[in-house]
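# Fold and contact review
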Amino acid sequence: MENAVSEQQPVETYRVVLNDEEQYSIWWTDRDLPAGWREEGTSGTREECLAHIDQVWTDMRPASLRRRMEEQAAA
C-alpha cells in the first residue's frame, strides 16, 4: 500500500538559482524567486539540481571575496 501512496504524490520540480555573489541554491519551480536570486538554467528533481550544483560550484567563496583576493595577488 505504501507504494501506491508514493506513486500518487507529485514529484516536485526545482531549479538551480544564483545570487549576486555567485552562490548556488535550489528553489521550487512553481514559486516566485526570492529577491536577489536569478535562474541559472538547470531544473529537475531536488537530487538532480543538487548534483548539478556539486559539479559546477567548485569555489564556495563569494564572488566579492574572490575578486578582492585576485586584486591583492596582482598588486
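How each quantity is defined
Residues numbered from 1 in each chain as written. Predicted model: local features only at pLDDT ≥ 70, side-chain atom pairs only at ≥ 80, totals over all residues. Heavy atoms only, no water. Pairing = 2+ DSSP bridges. Helix = DSSP H or I, 4+ residues; strand = E, 2+ residues; numbered from the N terminus. Axes fitted to C-alpha atoms, helices over the stretch in contact; angles between N-to-C directions. Salt bridge = Lys/Arg side-chain N within 4 Å of Asp/Glu carboxyl O. Buried < 20%, exposed > 50% of the residue type's maximum accessible area, 1.4 Å probe, protein only.

## Concerning the sheet that holds strand β1 (residues 14-19)
- Taken together, the three strands give an open sheet; going across it, the order is β2-β1-β3, and neighbouring strands pair in antiparallel fashion. On the outer flanks of this sheet lie β2 (24-28) and β3 (37-44), each paired with one strand and no other. Taking each pair of neighbouring strands and ignoring which way they run, the sheet shows an average axis angle of 35°.
- Inspection of the sheet shows β1 paired to β3 by five bridges, in the antiparallel sense. Following the sheet pairing, Tyr14 is matched in β3 by Gly44.

## Description of the pattern of salt bridges
- Here the structure, examined in full by the defined rule, presents four salt bridges.
- For Arg38, the salt bridge is made with Asp20, and the minimal N-O distance between the two is 3.9 Å. A residue pair is termed long-range when its members are at least 10 positions apart, and Arg38 in strand β3 and Asp20 in the loop between β1 and β2 qualify at 18 residues.
- Assessed through its relative accessible area of 64%, Asp20 is described here as exposed.
- Its salt-bridge partner being Arg61, residue Asp59 comes within 2.6 Å of it at the nearest N-O pair.
- Asp59 gets classed as partly exposed once you look at its relative accessible area, which sits at 25%.

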